[in-house]
Amino acid sequence: QVHVVESGGGLVQAGGSLRLSCAASGSTVSINTVDWYRQAPGSQRELVAHVTRAGRTNYADSVRGRFTISRDDAKNTVYLQMNNLKPEDTGVYYCNADLAYIGTLRNYWGQGTQVTVSS
């Protein structure tokens, strides 16, 4: 069954870095567009970064210049490199991916990974 698996979250100090991964299952699966969302406790979910199949990217103003979304299609994986992390970056990060599998395109959500940035 097709699914995506997230990893890379954790606890870091302010100013530190983390790299999140969103990996699609199966060698016959390919990733089209991917969005990274995050949701802090008591806050609404917000779009953090976006990447198209061609590699075009967009970022939320709050993370632009600090976060970088990238893709490795050979590994069916999309990354979110997060540098100079701030306490306000704390939250659960979700990968939302459009996956192509044997001629079909469907949307998949990852399970979420916790990112905590201490002061």
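Rules behind the numbers
- Residues numbered from 1 in each chain as written.
- Predicted model: local features only at pLDDT ≥ 70, side-chain atom pairs only at ≥ 80, totals over all residues.
- Heavy atoms only, no water.
- Helix = DSSP H or I, 4+ residues; strand = E, 2+ residues; numbered from the N terminus.
- Rg over C-alpha atoms; globule rule 2.2 N^0.38 Å.
- Buried < 20%, exposed > 50% of the residue type's maximum accessible area, 1.4 Å probe, protein only.
- Pairing = 2+ DSSP bridges.
- Axes fitted to C-alpha atoms, helices over the stretch in contact; angles between N-to-C directions.

> Can you break down the overall build of the protein residue by residue, with the values?
A tally of helices and strands in the protein yields 0 helices and 11 strands. Along the chain direction, N to C, the helices and strands of the protein fall in the order β-β-β-β-β-β-β-β-β-β-β. Taking 2.2 N^0.38 as the reference for a compact globule, 119 residues should give roughly 14 Å; the C-alpha atoms of the protein span a radius of gyration of 14 Å, in line with that estimate. Taking the principal axes of the C-alpha coordinates as reference, the protein spans close to 45 × 25 × 25 Å. With 119 residues in all, the protein has 44% of them scored as buried.

> Outline the pairing of strand E10 (residues 104–109), listing residues and values.
Regular strands show a simple pattern: their side chains alternate between the two faces of the sheet. Bridging between strand E9 (residues 91–101) and E10 involves 6 bridges; their strand directions are antiparallel. Bridge pairing links leucine 99 to arginine 106 in E10. The hairpin turn running from E9 into E10, its antiparallel successor, is 2 residues long, and isoleucine 102 in that turn takes a positive phi close to 40 degrees.

> Any details on the sheet that holds strand E1 (residues 4–7)? Residues and values, ideally.
With antiparallel pairing, 4 strands are arranged side by side in an open sheet as E1-E3-E8-E7. Either end of the sheet is taken by a strand with one partner, and the two such strands are E1 and strand E7 (67–72). Between one strand axis and the next, the sheet turns by 15 degrees as a mean value, whatever way the strands run.

> Just give me the short version of the pairing of E7, but keep the residues and values in it.
Alternating residues of E7 divide into Phe67, Ile69 and Arg71, all buried, and Thr68, Ser70 and Asp72, none buried. By the bridge criterion, 6 bridges tie E7 to strand E8 (residues 77–82) in an arrangement that is antiparallel. Residue pairing across strands places threonine 68 opposite glutamine 81, the latter belonging to E8. Turn length for the E7-E8 hairpin, with the two strands adjacent in sequence and antiparallel, is 4 residues, and the turn residue asparagine 76 shows positive phi of about 50 degrees.

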